[in-house]
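These are the residues of each chain, in order.
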Amino acid sequence: MTQGFDLVASLTRGVEGRSGAWAFIQGFAAHWASAALGSGDGWTEADLDAAEARLGLQLPTALREAYVLFGRRRDLTSNHDVLLGPAELHVDDAKEALVFRHENQGAASWGILLDSLQDDDPAVFIRLDLADKSAERWEEWLERLSLCFVEIALSESLQADEELCDFLDPDEDSLELLETNFVRLPFPTYPIGEETRWFLGQDVLVRDDDGAAILARGRTTEAIDRVRDLIPGDWLNDYR
């Protein structure tokens, strides 16, 4: 519980469907990001109508809802990877998917298959940028677009202000301490061949990337210092 926002309970509802996802992001923005959502944080319906007219496609309901609610809030969507604006949405070269997000160095793109655009909350696919272009494929990422936006808000929060975020190259002791001192969050398994796990501590959000990296975001500098003390190691941004 953080000042009236129960992240675990809200996330549990958020992974179940669209309305819960938007409620989670609203609460997360107010209590973990730079500010609560405001009227200027989203794109207008006219912006999205223009995108549809340009593309000759209908945008899924969930995509429109997300863009109207918080699509212009870069601290929630684009600290690291980039959520495309309505004017940047495009169909991939293979004419298979509507692309709405890019990895920050162009290593991957996220999209919605064109044959599922009629769904209110379609599945999201990822396509890696490979040297052998013939080997590139759209692979399953998350089963619903609204769930993907929950993941985006969580992941981008780990790449925010350096004073509140940190990175650790863990060892076995680090992972054991993580499991002992933090609560596992109810986020679905990523279908990408590795186990990404989310945890919550006292005012700190932590992600374990298959034992290869631990990323942490504190609500305060005291909170990020606390996770560094609970999991000792060579934290990247620990200048104490």
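Every chain is numbered on its own, with residues counted from 1 as its sequence reads. Only residues with pLDDT of at least 70 are given local features in this predicted model, and only at 80 or more are side-chain atom pairs given and counted; all residues enter the totals for whole chains, interfaces and linings. The basis for every side-chain value is the complete set of heavy atoms in the structure, and neither hydrogens nor water enter the calculation.

Caption draft 1: Here's a closer look at the overall build of the chain. A run of H or I in DSSP becomes a helix once it reaches four residues, and a run of E becomes a strand once it reaches two; helices and strands are each numbered from the N terminus. In terms of regular secondary structure, the chain is built from eight helices and 11 strands. Note that the radius of gyration is over C-alpha atoms, with the globule rule given as 2.2 Å times the number of residues to the power 0.38. The C-alpha radius of gyration computed for the chain amounts to 18 Å, which stays within 12% of the reference 18 Å derived for 240 residues, consistent with globular compactness. Along the three orthogonal principal directions, the C-alpha set of the chain runs to about 55 × 45 × 30 Å. For every residue, the accessible area (1.4 Å probe, protein chains only) is compared with the maximum for its type, and the residue is labelled buried under 20%, exposed over 50%, or partly exposed between those bounds. The buried share of the chain, reckoned over its 240 residues, is 50%. Contact criterion: two residues are considered in contact whenever any of their non-hydrogen atoms come within 4.5 Å of each other. Within the chain, counting contacts between residues at least 6 apart in sequence, those at least 24 apart form 54% of the total.

Caption draft 2: Seen up close, the environment of Arg219. Among the secondary structure elements, Arg219 is positioned in the loop between strand 11 (214-218) and helix 8 (221-230). Taking the relative accessible area as the measure of exposure, Arg219 reaches 22% and is therefore partly exposed. Sequence separation of Arg219 and Val206 is 13 residues, and the distance between their C-alpha atoms is 12 Å. Two N or O atoms count as a polar contact when they lie within 3.5 Å, although within protein this holds only if one can serve as hydrogen donor and the other as acceptor, and sequence-adjacent residues are included solely when both atoms are side-chain atoms. Here His31 takes part through its backbone oxygen, which lies 2.4 Å from a polar atom of the side chain of Arg219.

Caption draft 3: Fine view of the sheet that holds strand 9 (residues 196-201). A pair of strands is labelled paired if DSSP reports no fewer than 2 bridges between them. Judged by pairing direction, the sheet is antiparallel, and its five strands sit side by side in the order 7-11-10-9-8 without closing on themselves. Two strands close off the open sheet at either side, each with one partner strand: strand 7 (165-168) and strand 8 (183-184). Two strands pair when backbone bridges link them, and strand 8 and strand 9 are joined in this way by two bridges, in the antiparallel orientation. Bridge assignment links Arg184 to a residue of strand 9, and that residue is Phe199. Simply put, an axis is a line fit to the C-alpha atoms, just over the touching stretch for a helix, and the angle between two N-to-C directions goes from 0 to 180 degrees. Its contacts with the sheet put helix 8 on strand 7, strand 10 (204-209) and strand 11, and the angle it makes with strand 11 is roughly 150°.

Caption draft 4: Seen up close, the packing of helix 1 (residues 7-14) against helix 2 (residues 18-32). Put simply, helix 1 and helix 2 touch, their axes get as near as 7 Å, and they point 150° apart. Relative to helix 2, the element helix 1 lies roughly antiparallel. When you trace helix 1 past helix 2, the crossing you get is left-handed. Contacts between helix 1 and helix 2 involve Leu7, Ser10, Leu11, Arg13 and Gly14 from the first element and Gly20, Ala21, Ala23, Phe24, Phe28 and Trp32 from the second. These descriptions rest on fixed angle ranges, namely under 35 degrees for roughly parallel, over 145 for roughly antiparallel, 65 to 115 for roughly perpendicular, and the rest for oblique. Each crossing is labelled by how the near helix is turned from the far one, with a counterclockwise turn of less than a right angle marking it left-handed and a clockwise turn marking it right-handed.

Caption draft 5: Helix 6 (residues 145-157), seen in detail. Here helix 6 spans 18 Å end to end across 13 residues, near enough to the 18 Å set by a 1.5 Å rise per residue. Burial analysis of helix 6 places 13 of its 13 residues in the buried class, which makes it a mostly covered element. Expected span of a helix, by definition, is 1.5 Å for each gap between consecutive residues, and there is one gap fewer than residues.

Caption draft 6: Looking closely at the packing of helix 2 against helix 6. For the pair helix 2 and helix 6, the least separation of the axes is 8 Å and the interaxial angle reads 20°. Taken as axis vectors, helix 2 and helix 6 run roughly parallel relative to one another. Here helix 2 runs over helix 6; the crossing is left-handed. On helix 6, the residues that touch Arg18, Ala21, Trp22, Phe24, Ile25 and Phe28 of helix 2 are Ser146, Phe149, Val150, Ala153, Leu154 and Ser157. Classification used: nonpolar for Ala, Val, Leu, Ile, Met, Phe, Trp, Tyr, Cys and Pro, charged for Asp, Glu, Lys and Arg, polar for all others including Gly. Grouping the amino acids of the contact of helix 2 with helix 6 by side-chain chemistry returns nine nonpolar, two polar and one charged.

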